[in-house]
Amino acid sequence: SQYSAVDTNPLSVYIMQPIWNKIIKIVPLWIAPNLLTFSGFVMILVNYFLISFYDWDYTASGTSPGRVPAWVWLFSAFTTFCAYALDSIDGKHARRTQSSTPLGELFDHGLDSWATSIFVLSFFSVCSRDNGKTGVSVYTMYIYLSIVLFNFMCSHWEKYNTGVLFLPWGYDISQVVLIAAYLLTGALGVEVWQKPFLFGYYITDALVILLIGFSLFLSFPQTLYNIHRAHLKKTLKNDSLYEGLLPLVSPLLLFVLLTVWVVLSPSNILAKQPRLFLWMVGVAFSNVICKVIICQMSSTRPERFHWFLFPLALVVYAAISGLLGWTEEAVLAVLTALVTAAHVHFGVCVGRQLSEHLNIYIFSLKKRVQE
C-alpha cells in the first residue's frame, strides 16, 4: 500500500522541517535509510540503560539528588535530539535515494512504537518518584505511560481505518520539551524540578497537564474527527463498526489486565519494581501496535486476541490470588525477559521475511542477488 502521511503541526512545518532539510544534505547517499532509523533507536536504548544504571528505582533525583552526574542529562539531551533528527530524516533520505519500501515504513513505525515508551521511562528519572516532598507516584507514572501509548495507538488505529497517518502534533512538541528538560536538568541540576515555579505548582505538574491536555483534548478528538470525515467521504477502509474497532480490543484488554495487576498486587509490584513493570508494559504495547501496523499495511484483519494476553492473564491471576506469594517479583522479571525476547524475535523475523519478499537488504542499498 502507498504510504501517506499528513503533518499539520506549525512547529514541525515552519521550524523543524527546514532544519531536517539542512541536516539531510550531510548524509551520504550510500547509507540505507533503515540504518538511520536503527541508529536513532540504538541511541535511545543506550541512553535509557545509562540512566537506569544511575537510577534503577527512580529515586536518584529525589531523595539523593546529584547521584546522576550532570553529563548524563546533557548526554540525554544529545541522544534525544539525534534520535529525533534521525527519525525525521529517514523518510526524506529514502525518497532521496529512491529506496522507499513497506519494510522501511514498518521498520520506522515499529521502532517508534517501542521508542515511545522508552522516552517516557527515561524522562521519569528527571522528576523522580514520590518521596513525600517532591516527585510523582509510580501509579501516576503508569497512567502517563498508558496515556502516551494510547495516543500512539490512536494515530495508527486511525491509519488502519482511513489509510492516512495524521502525524500527531504531540510528537514534535514532546521531543522539543524533552530535549529542553534534559538541558535544563544538566545545567541547573534536578533541584529545578523540586521548587514550585508558579502559584505553588511544579514544572512537572505543568508538563503533566500539558500531556493530558494534548492527548485527551487535541489528539483523540482529532483522531475521531478524521475517522468521521473519512466516513462522510466514504473513504473508510472498513465497512463495519466491528472491523473498525477490532484493533482496539487487544490493547484495551492488555491495559485492563495490567491495571488489575497494579491495583490488586499483594506485594505492590509496581512500587517494588517500577522499572521492570513499566518496561514490560512498553514492550507488550509495542508488540500489539506492530501487529496493527502490519495489518493496516497489508490490509489484513487483526487477530482478536493478541497471544500475550493469555500468559499475562495467568500471571495476573496467580499474582492477585496470592499463588505467587514472594515469587511475584521473580515472575515479573522472567515475564519481562520473555516478552522482550519474543518482541525482538518477532521484529527480526518480520524484517527478514520482508527483505526476502521485496528482494532488498535491511541495512544496505545493494540489491539482493536472485538465487
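Residues numbered from 1 in each chain as written. Predicted model: local features only at pLDDT ≥ 70, side-chain atom pairs only at ≥ 80, totals over all residues. Heavy atoms only, no water.

The protein goes by Ethanolaminephosphotransferase 1 in an unreviewed UniProt entry, where it is assigned to Alca torda. Here is the UniProt Subcellular location (unreviewed entry) comment for the protein, exactly as written: "Endoplasmic reticulum membrane". Quoted verbatim from the Sequence similarities (unreviewed entry) field of UniProt, the annotation for the protein is "Belongs to the CDP-alcohol phosphatidyltransferase class-I family." (UniProt positions renumbered as here; feature names shortened; annotations may be inferred.)

Caption draft 1: Looking closely at helix α5 (residues 138–162). Here α5 contains 25 residues, and its C-alpha end-to-end distance of 36 Å stays within 8% of the 36 Å for a straight helix at 1.5 Å per residue. With respect to burial, α5 is a largely interior element, 21 of its 25 residues being buried. At the C-terminal side of α5, Gly-163 shows a positive phi close to 85°. (Helix = DSSP H or I, 4+ residues; strand = E, 2+ residues; numbered from the N terminus. Expected span 1.5 Å × (residues − 1). Buried < 20%, exposed > 50% of the residue type's maximum accessible area, 1.4 Å probe, protein only.)

Caption draft 2: Examining a nonpolar patch on the surface more closely. Together, Val-13, Tyr-14, Ile-15, Ile-19 and Phe-81 give the surface a local cluster of nonpolar side chains, amounting to about 470 Å² of exposed area. Residue contributions to the nonpolar patch peak at 4 residues, all from helix α1 (residues 10–24). Among the secondary structure elements, Val-13 is positioned in helix α1. Given a relative accessible area of 34%, Val-13 falls into the partly exposed group. (Patch = residues over 30% accessible without salt bridge, like charges linked within 9 Å, V, L, I, M, F, W, Y side chains within 5 Å. Areas by Shrake-Rupley, 256 points an atom, 1.4 Å probe, with all protein chains shown as cover. Salt bridge = Lys/Arg side-chain N within 4 Å of Asp/Glu carboxyl O.)

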